[in-house]
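# Notes for the structure review
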Amino acid sequence: MKKVCVMGLGYIGLPTASVLASNGFKVLGVDVSANVVDTVNAGNIHIEEPGLHTVVQAAIGSGNLRASLTPEPSDVFFLSVPTPMNEEKQADMSYVRSATEAIVPHLQNGNLIILESTSPPGTCRDLICPILEEAGLKVGSDVYLAHCPERVLPGRILKELIENDRVIGGYGEHCAARAEAIYGSFVEGEIFLTDVTTAEMVKVIENTFRDVNIALANEAAILCEKLGINFSAVAKLANRHPRVNIHTAGPGVGGHCISVDPWFLIEQFPEDTDLIHRARLRNDGMPAHVANGVAELVAGVDKPKVAALGLAFKGNVDDMRESPSVTVVELLQEKGMEVAAHDPYVKKSTMELASIEDCFKDADCVVLLTDHSDYKYLNPNQLEKLVRKPVLFDTRNLLDHNEWRKAGFQVKVLGSGAV
Ligand code: SAJ
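The numbering scheme is per chain: residues are counted from 1 as the chain's sequence reads. Since the coordinates come from a predicted model, pLDDT governs what is reported: local features require at least 70, and pairs of side-chain atoms require 80 or more to be given and counted, while whole-chain, interface and lining totals use all residues. With hydrogens and water excluded, all non-hydrogen atoms of the structure serve as input to the side-chain values.

Our next topic: the packing of helix 8 (residues 196–227) against helix 11 (residues 274–284). Remark: helix 8 packs on helix 11, axes separated minimally by 8 Å, with the N-to-C direction vectors making an angle of 55 degrees. Classified by the angle their axes make, helix 8 and helix 11 are oblique. For the pair helix 8 and helix 11, the sense of crossing is left-handed. Contacts between helix 8 and helix 11 pair Thr208, Asp211, Val212, Ile214, Ala215, Asn218, Glu219 and Ile222 from the former with Ile276, Ala279, Arg280, Arg282 and Asn283 from the latter. By the convention adopted, Pro, Cys, Tyr, Trp, Phe, Met, Ile, Leu, Val and Ala count as nonpolar, Lys, Arg, Asp and Glu as charged, and the other residues, Gly among them, as polar. Looking at the contact of helix 8 with helix 11 residue by residue, the classes come out as six nonpolar, three polar and four charged. A fitted line through C-alpha atoms serves as each axis, taken over the contacting stretch for helices, and the angle formed by two N-to-C directions is quoted from 0 to 180°. Counting from the N terminus, the helices are the DSSP runs of H or I reaching at least four residues and the strands are the DSSP runs of E reaching at least two. Here roughly perpendicular refers to angles of 65 to 115 degrees, roughly parallel to angles under 35, roughly antiparallel to angles over 145, and oblique to all remaining angles. It is the rotation of the near helix from the far one that decides the hand of a crossing: anticlockwise by less than a right angle makes it left-handed, clockwise makes it right-handed. By definition, residues are in contact when any of their heavy atoms lie within 4.5 Å.

Structure follows, in structure tokens:
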């Protein structure tokens, strides 16, 4: 099993393809975008991820990695395509479907197909298997099918791809064991074998666990605001209990995973997902809570200007997918406020980006939305001279509030009842 074809060269596919190439596999990376294919073939990358450029460059240089618009016959096919959500909060499985259909003409006896994309439980059994069987391929004897959901954290992808434990679900025993042979060649974490639908559910419930727990933190933060106490102090003390782990409150949950995957379960089982659904709504309601907080801080100001710090969905990444920071900015604009947004990581954005000086200049309120570490190094004494009104709303509890207060800022923190 030396020849590998990776369908989809995004956040997961490209790192996986290059790690496989650096472990001696002959890898063809396939993407529907000619721009992505050309970029990768030139040894460059189209996404921001620490260390990835070097690994891709080395993989292309070694001749083990090539990119193309079309698949070719291989021993193993990885499906690492997006599984986004449409406007109706339904899983859009069209990329998985078209990637499967694209490999069908190239499949040969003994080939292994591995679905890496996070997918609604039942995808391998009810979507991929029928496509393969319709093409006359018996799964489990002619070809093998497995699901090995990715679990990496953006910003640490290359490290986690190797170090994390992996769950491999097989469509029958042979399938999982074959996939284990591939992952075993580069994964240093433990590998656990199970059936395909269990593996699908494991991944979706991992991210749902996180979403529900973040919703609990956000709900507790709102209660603390009403009680006039500080959520971070409550969480810190509660977390001294050996079996309690209160998550961090913030302006909402973004990214392509945690804010999306719980909907897969809600869509499939609307009658049985009250808790998951409520948690989703709580997290989706946080941008409005933040926007209302800003509106209170600028009440009475004529044509207020807001300095928004951070557009990415979380700190130290350039990814704006489903970012609550973007939703906050849009809500502030809808309320008639002028917003100057800054982000040190985001390079391409549909939203206009301001330099840090232009962002702060004449602002009536500074709202920190994304927890980029860079913002800890801002000097409030200098910034106080740029703004019109020294008001800070820290929605991530990131900054040194004493320093900002000393510089003359009025400070509000999400989850804290005291301004
Ligand atoms: N967030 C909070 N409070 C917290 C933790 C996170 O508000 O206590 C927010 C973040 O700011 C962000 C969102 O939640 O907007 C999600 O951030 P994250 O760091 O929890 O998750 P992702 O989307 O970057 O990556 C997750 C990871 N899952 C977990 O940590 C359980 C990763 O391991 C998965 O592989 C990835 O989703 C995925 O692809 O599913």
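Among the 19 residues in the neighbourhood of the ligand, the closest are listed as Glu150, Lys203, Asn207, Arg210 and Cys257. For the purposes of these results, a polar contact is taken to be a pair of N or O atoms within 3.5 Å, where, inside protein, one atom must be able to donate a hydrogen and its partner to accept one; residues adjacent in sequence count only when each atom of the pair is a side-chain atom. Taking Asn207, its side chain carries an N or O atom lying 2.6 Å from an oxygen atom of the ligand. Arg396 is positioned with one of its side-chain polar atoms (N or O) 2.7 Å from an oxygen atom of the ligand. Methods summary: accessible areas were calculated by the Shrake-Rupley approach with a probe of 1.4 Å, and residue burial reflects only the protein chains presented. Here the ligand loses 87% of its free accessible area of 760 Å² to cover by the protein chains. In this text, near means that some heavy atom of the residue lies within 4 Å of the molecule or strand in question.

Quick look at the sheet that holds strand 9 (residues 305–309) now. Strand order in the open sheet made by the five strands is 10-9-11-12-13, with parallel pairing throughout. Edge positions in the open sheet fall to strand 10 (338–342) and strand 13 (410–413), since each of these has one partner strand only. Between one strand axis and the next, the sheet turns through 20 degrees on average, direction left out of account. For two strands to pair, DSSP has to find at least two bridges joining them. In this structure, strand 11 (residues 365–368) lies alongside strand 12 (residues 391–394), joined through three bridges in parallel fashion. Bridging from a neighbouring strand, Val366 pairs with Leu392 of strand 12. Sheet strands in contact with helix 12 (residues 286–297) are strand 9, strand 11, strand 12 and strand 13, and its direction is about 165 degrees off that of strand 12.

This next bit is on the side chain of Thr273. Checked against the element boundaries, Thr273 lands in the loop between helix 10 (261–268) and helix 11. According to the relative accessible area criterion, Thr273 is buried, its value standing at 5%. A distance of 2.8 Å separates the side chain of Thr273 from the backbone oxygen of Phe269, its partner in a polar contact. In contact with Thr273, other than residues within four places in its own chain, are Leu265 and Ile266. For every residue, the accessible area obtained with a 1.4 Å probe (protein chains only) is divided by the maximum for its type, and the residue is called buried under 20%, exposed over 50%, and partly exposed between those limits.

With that settled, the discussion passes to a nonpolar patch on the surface. On the surface, Leu223, Leu227, Ile229 and Val234 cluster together to form a nonpolar patch covering roughly 360 Å² of accessible area. Along the polypeptide, Leu223 turns up in helix 8. For patch building, the residue pool is restricted to those with more than 30% relative accessible area and no salt bridge; the joining distance is 9 Å between like charges and 5 Å between nonpolar side chains (Val, Leu, Ile, Met, Phe, Trp, Tyr). The salt bridge criterion pairs a side-chain nitrogen of Lys or Arg with a carboxyl oxygen of Asp or Glu, the two atoms within 4 Å.

Now for the side chain of His401. With respect to the helices and strands, the residue His401 is situated in helix 16 (residues 401–406). The contacts of His401, once residues within four sequence positions are left out, are Leu392, Asp394, Val411 and Val413.

To continue, consider the domain arrangement of the protein. Just so you know, the domain bounds were taken from an automatic or database domain assignment. Domain boundaries in the protein define domain 1 (3–198) and domain 2 (226–419). Using only C-alpha atoms to locate each centre, domain 1 and domain 2 end up separated by 34 Å. At the junction of the two partners, domain 1 supplies 17 residues and domain 2 supplies 16 residues. As a working definition, buried area equals the accessible area (1.4 Å probe) given up by two parts on being put together, with both sides summed. Summed over both partners, the interface of domain 1 with domain 2 buries about 1,400 Å², with 59% contributed by carbon and sulfur atoms. Where domain 1 meets domain 2, there are one salt bridge. Note that Lys347 and Glu48 form a salt bridge whose closest N and O atoms lie 3.9 Å from each other. Where domain 1 meets domain 2, there are two residue pairs in polar contact (both at pLDDT 80 or more). For the side of domain 1 that touches domain 2, the residue count by class is nine nonpolar, six polar and two charged.

Note that a disulfide, as used here, is simply two cysteine sulfur atoms within 2.5 Å. Overall, the coordinates contain zero disulfides when judged by the stated rule. Here Cys5 stays free of any disulfide, with the sulfur of Cys124 as its closest cysteine sulfur at 17 Å. Owing to a relative accessible area of 0%, Cys5 belongs among the buried residues under this scheme. The exposure class assigned to Cys124 is buried, which follows from its relative accessible area of 0%.

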